[in-house]
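This is what each chain is made of:
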Amino acid sequence: MKRGLTRFNVTSLVLGMAFLYLPILILVIYSFNASRLVTVWGGFSTHWYRGLLSNGPLMQSAWISLQLGIVSATLATIIGAALALALTRLGPFRGRGLLAFLGFAPLVMPEIITGLSLLLLFIVIGLDRGFWTVAIAHVTFTSCFVAVIVQSRLVSFDRSLEEAAVDLGATPAAAFRLVTIPIVLPAIAAGWMLAFTLSLDDLVIASFTSGPGATTLPMRIYSQVRLGVTPEINAISTLLIAIVTVTVLAITITLKRENSTG
Amino acid sequence: MRMPQRGPDRGRIAIIGLPSLWLTVFFLVPFVIILRMSLSDPASAQPPYRPLLDWSQGWAGIRLFIEGLDLENYATILTDPLYASAFLTSVRIAATGTLLTLLAGYPIALAMARASRRWQPFLIALIFLPFWTSFLIRVYAWIAILEQDGLLNQVLLAAGLVSAPLMLLNTEIAVQIGIVYTYLPFMVLPIYAALEKQDGSLVEAAQDLGSTPARAFWQVTLPLSLPGVLGGCILVFIPVMGEFIIPDLLGGSDMLMVGRLVWTEFFSNRDWPMASTIAVMLLAILALPIVIGQRRAGVGSMKP
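Small disclaimer: the values here were computed from a predicted structure and weren't measured.

Student: An account of the environment of Phe157 of chain A is needed here, citing residue identities and associated values.
Tutor: Residue and element names in this part refer to chain A. Along the polypeptide, Phe157 turns up in the loop between helix H6 (131-156) and helix H7 (160-167). For the pair Phe157 and Gln60, spaced 97 residues apart in sequence, the C-alpha separation works out to 43 Å. Apart from the residues lying within four places of it in its own chain, the contact partners of Phe157 are Arg89, Glu162, Thr180 and Ile183.

Student: Quick one: what's the story with the pattern of salt bridges, residue by residue and with numbers?
Tutor: Residue and element names in this part refer to chain B. On inspection of all chains with the given rule, the structure shows four salt bridges over all chains. For the salt bridge of Glu172 with Arg92, the shortest nitrogen-to-oxygen distance reads 2.8 Å. Pair noted here: Glu172 is in helix H8 (residues 172-197) and Arg92 is in helix H4 (residues 81-114), with a separation of 80 residues, a long-range link. Overall, the relative accessible area of 41% leaves Arg92 in the partly exposed class. Measuring nitrogen to oxygen at the nearest pair gives 3.1 Å for the salt bridge that ties Arg117 to Glu196.

Student: Pulling in residues and values, what's your account of the interface of chain A and chain B?
Tutor: Often, the extent of an interface is quoted as the loss of accessible area on bringing the components together. With 95 residues of chain A at the interface, the matching set in chain B holds 104 residues. A combined buried area of about 9300 Å² lies between chain A and chain B, and 79% of that area is made up of carbon and sulfur atoms. Asp248 of chain B serves as the salt-bridge partner of Arg226 of chain A, at 3.6 Å between the closest nitrogen and oxygen. Linking chain A with chain B are nine residue pairs in polar contact (both at pLDDT 80 or more), by the criterion used here. Sort the elements by how many residues they give to the side of chain A that touches chain B and helix H1 (residues 7-30) of chain A lands first, with 14 residues. Here the side of chain A that touches chain B is composed, by residue class, of 67 nonpolar, 20 polar and eight charged.

Student: I'd love a proper account of the nonpolar core, names of residues and values included.
Tutor: One finds Ile112 and Leu116 of chain A together with Met112, Ile245 and Ile278 of chain B to be the most contacted residues of the largest nonpolar core, which totals 177 residues. For this core, the element with the most residues is H6 of chain A, which contributes 14 residues. Those residues in contact with Met112 of chain B that lie beyond four places of it in its chain are Leu13 of chain A together with Gln120, Leu123, Ile124, Ile127, Val188, Leu189 and Tyr192 of chain B.

Student: Tell me about a nonpolar patch on the surface, residues and numbers included.
Tutor: A surface patch of nonpolar side chains, amounting to about 530 Å² of accessible area, comprises Leu22, Leu25, Ile29, Trp41 and Phe44 of chain A. As for its position among the elements, Leu22 of chain A is in helix H1.

Student: How would you sum up the packing of aromatic side chains? Please name residues and give values.
Tutor: For any two aromatic rings, the description comes down to two numbers: the centre-to-centre distance and the angle of the planes. This structure, assessed with the given rule, holds 25 aromatic pairs over all chains. On the numbers, 5.4 Å between centres and 80° between planes, the contact of Phe131 of chain A with Trp132 of chain A is edge-to-face. A relative accessible area of 54% places Trp132 of chain A in the exposed class. Three or more aromatic residues joined by ring pairs make a cluster, and in this case those are Phe208 and Tyr222 of chain A together with Tyr49, Phe244, Trp263, Phe266, Phe267 and Trp272 of chain B.

Analysis parameters
- Here, residues in each chain are numbered from 1, in the same order as that chain's written sequence.
- Labels are handed out in written order, letters beginning with A for the chains and numbers beginning with 1 for the ligands.
- Since the coordinates come from a predicted model, pLDDT governs what is reported: local features require at least 70, and pairs of side-chain atoms require 80 or more to be given and counted, while whole-chain, interface and lining totals use all residues.
- Values reported for side chains reflect all heavy atoms of the structure, with hydrogen atoms and water molecules removed beforehand.
- Numbered from the N terminus, helices here are DSSP runs of H or I no shorter than four residues, and strands are runs of E no shorter than two.
- Any two residues whose heavy atoms approach within 4.5 Å are treated as being in contact.
- Salt bridges are counted wherever a side-chain nitrogen of Lys or Arg sits within 4 Å of a carboxyl oxygen of Asp or Glu.
- A 1.4 Å probe rolled over the protein chains alone gives each residue an accessible area, and that area as a share of the maximum for its type sets the label: buried under 20%, exposed over 50%, partly exposed in between.
- In this description, buried area is defined as the sum, over both parts, of the accessible area (probe of 1.4 Å) that is lost when the two are combined.
- In the analysis that follows, any N or O atom pair within 3.5 Å is treated as a polar contact, provided that within protein one partner can donate a hydrogen and the other can accept it, and provided that, for residues neighboring in sequence, both atoms belong to side chains.
- Classes in brief: Ala, Val, Leu, Ile, Met, Phe, Trp, Tyr, Cys and Pro nonpolar; Asp, Glu, Lys and Arg charged; the others, Gly included, polar.
- We call a set of buried Ala, Val, Leu, Ile, Met, Phe, Trp, Tyr and Cys residues a nonpolar core when their side-chain atoms join them within 4.5 Å.
- Patches here: salt-bridge-free residues with over 30% relative accessible area, like charges joined within 9 Å, nonpolar side chains (Val, Leu, Ile, Met, Phe, Trp, Tyr) joined within 5 Å.
- Note that accessible areas follow from Shrake-Rupley with a 1.4 Å probe, and for residues the cover is restricted to the protein chains shown.
- We call Phe, Tyr and Trp rings a pair once their centres come within 6.5 Å, taking the six-membered ring for Trp, and we label the pair stacked below 30 degrees between planes, edge-to-face above 60, and tilted otherwise.

Here it is as structure tokens:
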């Protein structure tokens, strides 16, 4: 592509970024609003943040979502990394086409279908709905996102490094452990963080697969959002945005280091 | 490409077996169950559907079970105007939304591809950052903007552009804004990837031969980016067809899209078979785009 921005290009970028970021910025600003009215500015206050801490059900849901994110991201990373390896490193095998399809479909499947179908599975096999059923559901769709990240790393790095290790006398298993694993490690870390944020965000799939006592944070937020816009929701949203932004910055830095060492 | 020598067989079996088993049990099998549920009838019992398979009766039980399955729900969907209109509304809104996202996304992708190499990773991160932020929160953010006494109306009134507040929230306009807003990254990135790969000398050659920049764009740049455009459109159209949160929060109570219909049938009406039937029909509509999507943007070709 030819470099150099025209005035039209600059305008597109500025308008695009403003469109993407203004609504989030407004939401963050109004979380510090002293007034309960969300559209009238009544001065600066951290009132709503202090209110969050004393909101028992909300804090409990936040705790559940945090645990859920850690458990499901860890499992999803193991399965997703295996999926990426199977599709890039093991050559042809029976059922490879089907596995590639099963690894792609959950990425684009409407959540409502994934949620409903998993719920029906849990009912048929008689699994009580709660924390673990949501965890299974989250692992299922987030592992495919992990696979995308790990696989893009696996196909982009120089295969001759592995071959050189084998030529120098390493067994394939040792070459894998000493060469391949260190190279894909940053992608695996980034995959874990992506799976974690996806789990933290999910409303629809959790609503279908959750049970009593396992109300996640997005489910709690949704039930309040339905009643209208309130500064408390702005405050909890701002905190979530802050957490996610920090996580994404960490991923970007991790991947950057990966690029400079790879 | 493969390993010079294959790894030990046990490792190979584990690496293929683990994701295969997981995705078969928790992704493939559930679709068989949803298919079976769509052939059942609702019942006011626990569980709320008929027929149930009674193993204790042996073959007679299995025969009774199979005889109890029927296509009634599909007939209802095809004949009841409520369901037909929900599907038509979804297709129309998803198609319009995809087109609007394309119109908003293409200029951004073009500008990103033309930016200097040093800036590109930063721009990609900026486009993708909102995608990581909760979908629910991003849709929620628009409620305060689009409300009757919301910020947009305040600005429009103050600027004297309108004399009375516009009705924006709970309209299709709000839904389309929500779609463009939340799905923009999915459109921008595949188009950007296609544009980025293009050889700049092609446009230069066209211009050297007397083409205006505009004509060079229409005859060289745009046609060469069409695979990215198709990829982006598929990545937007498929999830929007099943979208629940956007129509629910921004569309008002009479905005009936398929995703919302599944939710209502399941949670409010407790009609599991009908919810499953709608899901199966939705999947049938999306099967072709999903297969094309996998061919074009399958795992591995899409970089984060």
